[in-house]
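Here are the chains, one letter per residue:
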Amino acid sequence: MTTNADEPQPRPRRRAPAGAAVLRADVTEAIRAAVFEELAAVGYARMSIEGIARRAGVGKTAVYRRWRSKLHLVLDIVSALAVQGLPAPDTGTLEGDLRLLYEVTSRALRHPVASQIIPDLQAEAARNPDIAEAMRKALREGQDGVASSILAAARRRGEIRAGFDHDLALDLISGPLYWRSVVIRGPKPPKGYLGALTRATAAALKAL
């Protein structure tokens, strides 16, 4: 059988990637979890791709196929926090929303991994502008997105006035608990603290 050289020839089928050519989602998640564990255990400065791979139970190649360096890996992890954020409370009242936000945030900041990672990355951010920007994005977008939702709902209900200082309101909501838990790393809030903080913050927001 002969073919005309001028006739278009069928293209060979491209084989779908298989095996090592596919970035398995379970391996990626194992590496992400290992990063948090490694950061909490040894800090950013001493963290290594070797240590992450060992914790994840994979080879170094599996890590490098996803991220070029430990800096890119940490930046990706921290930036992802901004996307995930916190669930926006919807209790029907400003005080109810604030109280739920403070309860969730307080538990998250007291978690052993978070209590180790956040201060360490803050120290590293003072030396590395890329980490500083990723930290700002994660903390501001994650927390402020929820706080903005609370403020918008309170405004619709008439609990706070129109034209309030939005940036100041965000600082009032997020500042005190973050200061206590992360900056001075105080002990677990005493009984009644979150309730008192909720009432004080709500009163301050209504006064803006």
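Structure first, text after, so check above.
Parameters and conventions
- Residues numbered from 1 in each chain as written.
- Predicted model: local features only at pLDDT ≥ 70, side-chain atom pairs only at ≥ 80, totals over all residues.
- Heavy atoms only, no water.
- Helix = DSSP H or I, 4+ residues; strand = E, 2+ residues; numbered from the N terminus.
- Buried < 20%, exposed > 50% of the residue type's maximum accessible area, 1.4 Å probe, protein only.
- Contact = heavy atoms within 4.5 Å.
- Areas by Shrake-Rupley, 256 points an atom, 1.4 Å probe, with all protein chains shown as cover.
- Core = buried A, V, L, I, M, F, W, Y, C linked by side-chain atoms within 4.5 Å.
- Phe/Tyr/Trp six-rings, centres within 6.5 Å; stacked < 30°, edge-to-face > 60°.
- Lys NZ or Arg CZ within 6 Å of the ring centre and 35° of its normal.
- Polar contact = N/O pair within 3.5 Å; in protein donor to acceptor, adjacent residues only side chain to side chain.
- Expected span 1.5 Å × (residues − 1).
- Arc of directions from axis to C-beta.

Novice: Help me get a handle on the overall build of the protein chain, residues and values and all.
Specialist: Of regular secondary structure, the protein chain possesses 9 helices and 0 strands. Taken across its 208 residues, the protein chain has 36% of its residues classed as buried. When contacts within the protein chain are restricted to residue pairs at least 6 apart in sequence, those whose partners lie at least 24 apart make up 67%. Looking at the protein chain as shown, the accessible area adds up to about 12,600 Å², and 55% of this sits on carbon and sulfur atoms.

Novice: Provide a residue-level description of the nonpolar core, including the pertinent values.
Specialist: A general trend in soluble globular proteins is that nonpolar side chains are found buried together. Residues Ile 31, Val 35, Tyr 44 and Leu 121 are the most contacted members of the largest nonpolar core, which totals 32 residues. Among the secondary structure elements, those contributing two or more residues to this core are helix 1 (25–46), helix 2 (49–56), helix 3 (60–64), helix 4 (70–84), helix 6 (112–125) and helix 7 (129–157). In contact with Leu 121, other than residues within four places in its own chain, are Leu 39, Tyr 44, Val 74, Val 78, Ile 131 and Met 135. Residues Ile 150, Ala 169, Leu 177 and Leu 197 belong to the second largest nonpolar core, which totals 20 residues.

Novice: Go over the environment of Tyr 102 with me, naming the residues and quoting the values.
Specialist: You can see Tyr 102 is positioned in helix 5 (residues 94–110). Overall, the relative accessible area of 1% leaves Tyr 102 in the buried class. For the pair Tyr 102 and Tyr 178, spaced 76 residues apart in the sequence, the C-alpha separation amounts to 9.9 Å. Those residues in contact with Tyr 102 that lie beyond four places of it in its chain are Leu 172, Ile 173, Leu 177, Leu 194, Leu 197, Thr 198 and Thr 201.

Novice: Can you break down the packing of aromatic side chains residue by residue, with the values?
Specialist: The final tally for this structure, using the stated rule, is 0 aromatic pairs. A cation over an aromatic ring shows up here: Lys 70 above the ring of Tyr 44, its NZ or CZ 4.5 Å from the ring centre.

Novice: Can you explain the side chain of Asn 128? Please cite residues and give values.
Specialist: Tracing the backbone shows Asn 128 in the loop between helix 6 and helix 7. In this structure the side chain of Asn 128 is engaged in a polar contact, spanning 2.9 Å, whose partner is the backbone nitrogen of Asp 130.

Novice: Describe helix 9 (residues 193–207), naming the residues involved and giving the relevant values.
Specialist: Its 15 residues give helix 9 an end-to-end C-alpha distance of 21 Å, which sits within 8% of 21 Å, the value for a rise of 1.5 Å per residue. Among the residues of helix 9, those classed as buried are Leu 194, Gly 195, Leu 197, Thr 198, Thr 201, Ala 202 and Leu 205. The arc enclosing the buried residues of helix 9, seen along the axis, measures out at 160°, which places them on a common side.

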